[in-house]
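# Geometric and topological summary
Take a look at the letters that make up each chain.
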Amino acid sequence: NQLIAEAEAFKAQSKEEVEAFRIKYLGKKGLLNDFFAEFKNVANDQKKEFGQTINKLKKTAEEKVNALKEELESKEEVKGVYGDLSRPGEPVQIGARHPISIVKNQIIDIFSRIGFNVSEGPEIEDDWHNFTALNLPEYHPARDMQDTFFIQTNPDILLRTHTSSVQVRYMENNKPPIRTISPGRVYRNEAISARSHCFFHQVEGLYIDKDVSFADLKQTLQHFTTEMFGKSKIRLRPSYFPFTEPSAEIDVYWGLETETDYKITKGTGWLEIGGCGMVDPNVLENCKIDTAEYSGFAFGVGIDRIAMLLHQIGDIRLLSENDVRFLEQFKSSL
Ligand code: PHE
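Worth saying up front: this structure is predicted, and the values here are computed from it rather than measured.

All right, on to the site of the ligand then. The environment of the ligand is formed by 14 residues, the closest being His162, Ser164, Arg188, Gln202 and Glu204. Expressed as a share of its isolated accessible area of 320 Å², the protein-covered part of the ligand is 93%. Mapped onto the shell around the ligand, the elements with two or more residues apiece are strand 6 (199-209), strand 9 (270-279) and strand 10 (295-302). At three residues, the largest contribution of residues to the shell around the ligand is made by strand 10. Of the residues assigned to the shell around the ligand, the class counts are five nonpolar, seven polar and two charged.

Listed below in structure tokens is the structure:
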């Protein structure tokens, strides 16, 4: 009886083990043959019980052998299809976010915390949204400020030269108060070099409400650069854009100590990161916003430039060449 229990509890990992088990119980010199040989020596009154027990043991051992064989075979089938499932896995290659995306997401985070939403628009634009609505009528000399890639002329269809076009679309479809930022890719017909490319990325911001002042603009930008660069100063240098009046260039000085840091900022410590100004009333009127009630400010900053500054990237072309040796370095970033 104890042998029956042992046979029932037996487990095997391999065919060899099953075979050893079979030989031990059912083989020519196995236990069962010994018992059957013993049978004639058993006293007559015990023959019945002894016989039943060894028959049961035989059955148990045979069933066990068959069950184990089946089990091992089905495991082997699985191995054939999927390989060995118990092997350690191949390491998964994890990618990195692109530095442009990292910086873009940081900018979106900063502005969404102070109530700005995100708006997007098409990269292929019409003349109205890229130029005319923004106070750049046909033959306006300021159109030359932005070397445009035209897809079609008359009517003009072009690759947007700035994401100010998205702000026009937003004002056409939404009523003030407006607080929105428009990140995206823009195109200009410029020679490609370490410092400029024929496409790059901008985030433009638009704020329209009652009683908006230039001080609101400056504080918003100061808040942005402090969040983005840490301790930083900004300088608004008078400038000209057709869609803002007054207009300014945004320079940031982020008080770096080492010589290499100064090299990026061309030795002065001040670096231009974008443009800004109070939205020209003509633009508001073009978008059917009542200028007696509302005013606002707008700004645009270059994502590529900020990414280059923050991550010490010396050549803008690296941002679009997709060299994995470059991209892999951003694995530890957000
Ligand atoms: N659209 C301008 C550019 O691309 C930047 C800008 C945006 C300036 C908003 C003023 C206000 O150069």
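Right, picking up where we left off after that structure.
It is worth spelling out the UniProt feature "binding site: Mg(2+)" (unreviewed entry) in the protein chain at this point. UniProt tags Glu245 as "binding site: Mg(2+)" (unreviewed entry). Locating Glu245 in the fold gives a position in strand 8 (residues 244-253). On the basis of relative accessible area, Glu245 is assigned to the partly exposed category, the value being 49%.

Structurally, Trp270 is set in strand 9. Each C-alpha atom of the pair Trp270 and Asp251 lies 5.9 Å from the other, and the pair is 19 residues apart in sequence.

Turning our eyes to something else, we now look at the packing of aromatic side chains. Any aromatic ring pair is given by two values, namely how distant the centres are and how the planes are angled relative to each other. Taken as a whole and assessed by the stated rule, the structure comprises 12 aromatic pairs. Ring geometry for Phe326 and Phe330: centres 5.2 Å apart, planes at 70°, overall edge-to-face. Grouping residues by exposure puts Phe326 and Phe330 together as buried. Pairwise contacts between aromatic rings join Phe111, Phe116, Tyr207, Phe224, Phe297 and Phe299 into one cluster. Over the face of the ring belonging to Phe39 we find Lys47, whose NZ or CZ atom lies 5.7 Å from the ring centre. Between the NZ or CZ atom of Lys233 and the centre of the ring of Tyr253, over which it lies, the distance is 5.1 Å.

Rules used throughout
Residues numbered from 1 in each chain as written. Predicted model: local features only at pLDDT ≥ 70, side-chain atom pairs only at ≥ 80, totals over all residues. Heavy atoms only, no water. Near = heavy atom within 4 Å. Areas by Shrake-Rupley, 256 points an atom, 1.4 Å probe, with all protein chains shown as cover. Helix = DSSP H or I, 4+ residues; strand = E, 2+ residues; numbered from the N terminus. Nonpolar A, V, L, I, M, F, W, Y, C, P; charged D, E, K, R; others polar. UniProt positions renumbered as here; feature names shortened; annotations may be inferred. Buried < 20%, exposed > 50% of the residue type's maximum accessible area, 1.4 Å probe, protein only. Phe/Tyr/Trp six-rings, centres within 6.5 Å; stacked < 30°, edge-to-face > 60°. Lys NZ or Arg CZ within 6 Å of the ring centre and 35° of its normal.

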